[in-house]
Amino acid sequence: VVREVTETLPHGGGYALVAGLKTGELAWELMHKAGLKVVAIDPDPQVVAEVRQSLGATGVYGSNIHVLHGATEQLPNYFANVVVSESALFSGEIPYEPEEIASKVRPLGGTVLIGQPSGSDPEVAMSNGDVKKWLDRLKLGVPAGLGEGVPWGSVSRGALAGAGSWTHQYGTSGNTGFSNEKRLTAPLGVLWYGAPGPTEMINRHSQGTPPVSLDGRMFIVGENVLLAYDAYNGSKLWETSYEGQS
């Protein structure tokens, strides 16, 4: 499972959502081997308590791994680069409806991977039909990877219909002062906050170039550095120095 997840990720990692828990081992592996920040959620308070206790001994719980109890409404929209289910692996069940999960998947590449490995206990095994039906209900795209005899599939999300971009200081190359955004309406909210912060930024009184955004990425000109962030969840993608260049 971890290998499948790693192969789908762009450089820079991001966030994983584990929808449905059993032991918490999958959350640990995704953090430890795939370099992801993990948010796991389950409706069973006892399972959540046990997983929290288990992961608490790792020293990363509360920083790189968070385990939540309850409904998916408490999760931010569009944050997950990848979605998996530990409970599906062990029991063939996902404790959340696909419609609840769909809004959490990052546009422009966010991937849902659901199913079980070959050789699973036949008493709790999922069928290809079960996996396909669940993925279809996400309404994110056409499922892939549903091979014969292996109940394992995935679907990746494309761009949000009507989402715009901001590619120049004043919106477009024509300095129009607006973008082609057609989705956003008031009231507005915040998807994420945090880095890069003021340390690497050009003082605002120097009238530095403002951030620009395209294809779900935000590009920021800092003090001798160019930074790229995931516009949907704030993950840092890369940075490069331009110090000494003219």
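Being a predicted model, the structure only gives us computed values, none of them experimental.

Next up on the list: unusual backbone geometry. In this structure, the amide linkage connecting Ala186 to the following residue, Pro187, adopts the cis form with an omega of 0°. Its place among the elements puts Pro187 in the loop between strand 6 (152-156) and strand 7 (212-214). Each neighbour pair has its own omega, and for Ala195 with Pro196 the value is 10°, a cis peptide bond. For Pro196, the location among the structural elements is in the loop between strand 6 and strand 7. The phi dihedral of Asp215 falls on the positive side, at around 55°, and the residue is not glycine. Mapped onto the elements of the fold, Asp215 is located in the loop between strand 7 and strand 8 (217-221).

This part is about the sheet that holds strand 8. Strand pairing in a sheet relies on backbone hydrogen bonds. The paired strands run either parallel or antiparallel. What the 4 strands build is an open sheet, ordered 7-8-9-10; its pairing is antiparallel. Either end of the sheet is taken by a strand with one partner, and the two such strands are strand 7 and strand 10 (236-241). The sheet shows a mean angle of 20° between the axes of neighbouring strands, taken without regard to direction.

Before going further, it helps to spend a moment on the side chain of Lys104. Inspection of the secondary structure puts Lys104 in the loop between helix 5 (98-102) and strand 5 (111-115). Buried charge Lys104 goes without a salt bridge, the closest partner of opposite sign being Glu73 at 8.3 Å. Among the polar contacts made by the side chain of Lys104, one reaches the side chain of Asn77 at a distance of 3.1 Å. Among all residues touching Lys104, those that are not within four sequence positions of it are Leu17, Thr72, Leu75, Pro76, Asn77, Tyr78, Phe79 and Ala80.

What counts, and at which threshold
- Residues numbered from 1 in each chain as written.
- Predicted model: local features only at pLDDT ≥ 70, side-chain atom pairs only at ≥ 80, totals over all residues.
- Heavy atoms only, no water.
- Helix = DSSP H or I, 4+ residues; strand = E, 2+ residues; numbered from the N terminus.
- Pairing = 2+ DSSP bridges.
- Axes fitted to C-alpha atoms, helices over the stretch in contact; angles between N-to-C directions.
- Buried < 20%, exposed > 50% of the residue type's maximum accessible area, 1.4 Å probe, protein only.
- Lys, Arg positive; Asp, Glu negative; His and termini not counted.
- Salt bridge = Lys/Arg side-chain N within 4 Å of Asp/Glu carboxyl O.
- Polar contact = N/O pair within 3.5 Å; in protein donor to acceptor, adjacent residues only side chain to side chain.
- Contact = heavy atoms within 4.5 Å.

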